[in-house]
Amino acid sequence: MPQEVWAKIEPLLPPRPEHPLGCHNPRVPDRKAMEAILLVLRTGMQWQALKATGICHPSSAYRRFREWAKAGVFHEFWRVGLVAYDELVGIGWKWMSMDGAMTKAPLGGQKTGPNPTDRAKKGTKRSVLTDERGVPLGIVVAGANVNDHKLVEATFDSVPVKRPEPAEGDEQHLCLDAGYDCQAVRQWGDKFHLQLHIRPRRAPATPPKKGRRKKARRWVVERTHSWMNRFRRLLVRWEKREDTFLAMIHLALGLITWFHFLPK
């Protein structure tokens, strides 16, 4: 694990819990356990495969992962990254983008469902909200059969930092694809004073003229989904529990935020 990553995560770790009997075997160093977790996230390997690496015993790594996930370490790692990004660069609230992506979930579990694009096999959906540069701002998981437009409000509610209220002359735009083309989404956008840009389900009879002022901005969230898929543990979901799957996602989003967008 690079020292830059460890320097951001170490202050967030909870104190070592006391053993009920007052004695125990030497505890695996936190950094070794975090290196094992990061290896599982990056490669998608099974926890038991950690035996061959010599980094950390699988049971120790998974126990520490569950402990830190329950303490909210990975979510806080992502949130602190967003705060630092907002202070140094500024979150681009003006042009936000949202989209869902479906992945396989062979083991099933919480928040999975039949994938309509994969012969109804078990799958899960990630609904991601990004700012104008592609920084991940919100994340929600659901079954693969849940429509995108049903996750809009929950995805916005998952943003861990405060969103400023749109002001006159400083509107906030949200770019969406055709899966969000419904009246419920438009009413929700009016409620929160958002300028929605939804791709219509049917192409207009007369294609609009392309201009330099208005460009398609949905691609930034699609790029963010691509970055997430580079963490092989997210490309195919092996976690049955929703909390452990979200913890893996939060760790990946934190890494993307800290090391893609913050000044080196």
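Located above this text is the structure these notes cover.
A quick note: this is a predicted structure, and the numbers were derived from the prediction, not measured.

Attention now goes to the environment of His250. Along the chain, the position of His250 falls in helix H9 (residues 242–260). For His250, a relative accessible area of 11% translates into the label buried. On a C-alpha basis, the gap between His250 and Glu76 in space is 8.4 Å, while along the polypeptide they are 174 residues apart. Sequence-distant contacts of His250, that is, excluding residues within four places in its chain, are made with Phe74, His75, Trp78 and Ile139.

The next point concerns helix H2 (residues 30–43). Across its 14 residues, H2 extends 20 Å between first and last C-alpha, which sits within 8% of the 20 Å expected from 1.5 Å per residue. Of all the positions in H2, only Ala33, Met34, Glu35, Ala36, Ile37, Leu38, Val40 and Leu41 are classed as buried. Contacts made by the buried residues of H2 are with helix H1 (3–9), helix H3 (58–70), helix H4 (73–88), helix H8 (232–235) and H9. Looking one or two places after H2, you find Gly44, whose phi comes out positive at around 80°.

What follows covers the packing of aromatic side chains. Within this structure, the stated rule accounts for 7 aromatic pairs. Where Phe156 meets Trp188, the ring centres are 4.9 Å apart and the plane angle is 65°; that geometry is what we call edge-to-face. Residue Phe156 is found in helix H5 (residues 152–157), and its partner Trp188 is found in helix H6 (residues 183–191); the two are separated by 32 residues along the sequence. Its relative accessible area of 11% is what places Phe156 among the buried residues. Within the aromatic cluster, the residues linked to one another by ring pairs are Trp47, Tyr62, Phe65 and Phe74. The side chain of Arg217 reaches across the aromatic face of Trp95, ending 4.0 Å from its centre.

Parameters and conventions
- Residues numbered from 1 in each chain as written.
- Predicted model: local features only at pLDDT ≥ 70, side-chain atom pairs only at ≥ 80, totals over all residues.
- Heavy atoms only, no water.
- Helix = DSSP H or I, 4+ residues; strand = E, 2+ residues; numbered from the N terminus.
- Buried < 20%, exposed > 50% of the residue type's maximum accessible area, 1.4 Å probe, protein only.
- Contact = heavy atoms within 4.5 Å.
- Expected span 1.5 Å × (residues − 1).
- Phe/Tyr/Trp six-rings, centres within 6.5 Å; stacked < 30°, edge-to-face > 60°.
- Lys NZ or Arg CZ within 6 Å of the ring centre and 35° of its normal.

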